[in-house]
Amino acid sequence: MCGILALISGNVECDNAAVDLHEALYALQHRGQDACGIATSNTSGRIYSCKGKGLASKVFRDGAIIPELPGFMGLGHLRYPTAGTSSNAESQPFYVSSNLLDTEKLKEYLDFEAHRHINTDSDSEIMLQVFASQLLQTNKRRVDEEDLFTGLENMYKITVGGFAFCGMVAGFAIFGARDPHGIRPLVIGSRLNQDGKGLDYMLASESVALDQFGFTEIKDIEPGQAVIIPKGGSPIFRQVHPQLSYTPDIFEFCYFSSPNSIMDGISVYESRQGMGLKLANTIRETLGQDSRFVPIPDSGIVPALSVAEALDTPYRHVFSRNRYIFRTFIMPNQEKRRRGVQSKLNPLRSEFKGKNVLLVDDTIVRGTTSLQVCNMAREAGAKKVYFAISSPPVTHPHIYGIDLATLTELIAYKRDRKAIAASINADDVVFLTLEDLEAACAELSPRPQQSFEVGVFCDWPPPENFLDKSIDIW
Ligand SMILES: *[C@@H]1O[C@H](CO)[C@@H](O)[C@H](O)[C@H]1NC(C)=O
């Protein structure tokens, strides 16, 4: 999944692109906690970079590294663990300098593997190599915008799947592009340069990273569209591949993105409210109204508030959360995960004793967290424990880059509602239907008949295009 950023300052003399890139990494940290990096460049094309495993605060030593990354332009990256690669793969950014490429060999490889699927970090590197080899074919020492667009067009011809990426040609331009279906997100924004020298431009996975640093005029890169922002210039947009559909990944809305982001014109926060409202209907039909609402912080709060409002019943915030412990499922094994949940959430016992509670969360993936909180609620004295989820059962691994779980680890794998409830020690469990989830997002879309990539939620057998892979790269 990953988080990506690119920034170019209107003031080419400024040396502090890394300052904003570094801070923006924190705004997107939820998109990847596995590894991160920043690369910057000055006007002579000299590249500076720092990357490593772990959270941004660790890799950049709380910002102490930033002065060692001068330059007016740069890239930032946050990596989400993808299957099999988290331990030893190189952190991004990758870079190539032209003389490192064996273009002929690469072309052979790509011809052989034509229309390859993008599914690992090394694929990101291959895409970069393809792109660079396309640029080299121009036989120029200095590339211009046209060369970049041509390189991108040719790269699109041999890649399949969902991707979004940012890149820079050191000292010359930053650029970004999005797959022809618009599965992975990418936005661009601008702000007045603080030294009064033109405009700064930033590309990011989510608008929250732009908004927070004073960037306005935020717009989505369209499916199949690329943008180049040359030094001292304005963005140049080009459709480098025909738009095949406009189907953003619905997982961004119900789970992955920051609620503060607006993606493809849809407010993530409002979509989650809508999911809660629709979930309330399902709850009314299946469970009645005899329970109090307890969200699982933080992910369950927005839908739970909407559920409580729609059912006109009190909402209770009685699980306190330790905010210094990160998402549990990034921990490598099940036992650690279990302990992670326990130290993260703490029930307010007096609020559970003798009550029927309805716990609300945004998703169940493996069910580890859900089982733990159900047990906690029971131990705290709850009479009945119901669980409501503001998304459908996750029936497939996420193929577009989130290493959620393997197929058989998924709680919804070959389990019906009753079996899921039993395996998380709940009296009953209620899911939002896929139809409702899609409607909650589509209702807010500026495009009529908005549809979404819904791979993780679809029924068996998987749809034909299921094997398409993707990753955010640069
Ligand atoms: C860019 O960095 C290199 C290496 O530090 C330096 O030699 C060069 O003068 C710098 N260029 C500018 C324009 O500051």
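Residues numbered from 1 in each chain as written. Predicted model: local features only at pLDDT ≥ 70, side-chain atom pairs only at ≥ 80, totals over all residues. Heavy atoms only, no water.

Topic: the UniProt feature "binding site: Mg(2+)" (unreviewed entry) in the protein chain
Here is step 1: Residues given the UniProt feature "binding site: Mg(2+)" (unreviewed entry) here are S299, D361 and D362. Despite a sequence span of 64 residues, these residues sit close together in the fold, their greatest C-alpha distance being 6.0 Å.
Here is step 2: For D361, the location among the structural elements is in strand 19 (residues 356-361).
Here is step 3: Excluding residues that lie within four positions of it along the chain, D361 makes contacts with I296, S299, G300, F387, A388, I389 and S390.
Here is step 4: With respect to the helices and strands, the residue D362 is situated in the loop between strand 19 and helix 11 (368-379).
Here is step 5: With residues near it in sequence (within four places) discarded, D362 still touches C254, Y255, S299, G300, I389, S390 and S391.
Here is step 6: Within the structure, D362 has its side chain in polar contact with the side chain of T363 (distance 3.1 Å). (UniProt positions renumbered as here; feature names shortened; annotations may be inferred. Helix = DSSP H or I, 4+ residues; strand = E, 2+ residues; numbered from the N terminus. Contact = heavy atoms within 4.5 Å. Polar contact = N/O pair within 3.5 Å; in protein donor to acceptor, adjacent residues only side chain to side chain.)

Focus: the site of the ligand
Here is step 1: Taken together, the neighbourhood of the ligand is formed by N42, T43, S44, R46 and Y48.
Here is step 2: N42 places a side-chain nitrogen or oxygen 2.3 Å from an oxygen atom of the ligand.
Here is step 3: Between the ligand and the protein, one listed contact pairs an oxygen atom with a side-chain N or O atom of Y48 at 3.0 Å.
Here is step 4: Protein chains bury 43% of the 360 Å² of accessible surface belonging to the ligand in isolation. (Near = heavy atom within 4 Å. Areas by Shrake-Rupley, 256 points an atom, 1.4 Å probe, with all protein chains shown as cover.)

Here's the deal with the pairing of strand 13 (residues 236-239)
Here is step 1: Pairing analysis gives four bridges linking strand 12 (residues 225-230) to strand 13, with the strands arranged antiparallel. Residue pairing across strands places Q225 opposite Q239, the latter belonging to strand 13.
Here is step 2: Following strand 12, the chain reverses through five residues before pairing antiparallel with strand 13; G232 in that reversal takes a positive phi of roughly 70°. (Pairing = 2+ DSSP bridges.)

Quick word on the packing of aromatic side chains
Here is step 1: With the rule as written, the count across this model stands at eight aromatic pairs.
Here is step 2: What links up through ring pairs into an aromatic cluster is the set Y156, F163, F165 and F175.
Here is step 3: The positively charged end of R447 is found above the aromatic ring belonging to Y246, 3.8 Å away from the centroid. (Phe/Tyr/Trp six-rings, centres within 6.5 Å; stacked < 30°, edge-to-face > 60°. Lys NZ or Arg CZ within 6 Å of the ring centre and 35° of its normal.)

A closer look at the sheet that holds strand 20 (residues 384-389)
Here is step 1: Ordered by their spatial adjacency, four strands build an open sheet running 16-19-20-21, and the pairing between neighbours is parallel. Either end of the sheet is taken by a strand with one partner, and the two such strands are strand 16 (292-295) and strand 21 (428-431). On average, each strand axis in the sheet is inclined to that of its neighbour by 25°, with strand direction left out of account.
Here is step 2: Of the pairings in the sheet, the one linking strand 20 to strand 21 comprises four bridges and is parallel in character. Looking at the pairing, F387 lines up with V429 of strand 21.
Here is step 3: Packed onto the sheet, helix 8 (residues 268-287) meets strand 16, strand 19, strand 20 and strand 21 and runs at close to 145° relative to strand 21.
Here is step 4: Its contacts with the sheet place helix 11 against strand 19 and strand 20, and it is angled at close to 150° to strand 20. (Axes fitted to C-alpha atoms, helices over the stretch in contact; angles between N-to-C directions.)

Some remarks on unusual backbone geometry
Trans is the prevailing form of peptide bonds, just as negative phi is the prevailing case for residues other than glycine.
Here is step 1: The phi dihedral of K414 falls on the positive side, at around 55°, and the residue is not glycine.
Here is step 2: By secondary structure assignment, the location of K414 is in the loop between strand 20 and helix 12 (417-423).

Some details on the packing of helix 8 against helix 9 (residues 301-311)
Here is step 1: Here helix 8 crosses helix 9 at 50°, and the two axes come no closer than 7 Å. Between helix 8 and helix 9, the interaxial angle falls into the category oblique. When you trace helix 8 past helix 9, the crossing you get is right-handed. Residue-level contacts link Y269, R272, Q273, G276, L277, L279, A280, I283 and R284 of helix 8 to V302, P303, S306, V307, A310 and L311 of helix 9.
Here is step 2: Taken together, the residues of the contact of helix 8 with helix 9 break down into 10 nonpolar, three polar and two charged. (Parallel < 35°, antiparallel > 145°, perpendicular 65-115°, else oblique. Left-handed = near helix turned anticlockwise from the far one by under 90°. Nonpolar A, V, L, I, M, F, W, Y, C, P; charged D, E, K, R; others polar.)

A look at the side chain of T282
Here is step 1: Inspection of the secondary structure puts T282 in helix 8.
Here is step 2: The buried category is assigned to T282, whose relative accessible area is 15%.
Here is step 3: If near-sequence neighbours (up to four positions away) are discounted, T282 is found in contact with V430, F431 and D436. (Buried < 20%, exposed > 50% of the residue type's maximum accessible area, 1.4 Å probe, protein only.)

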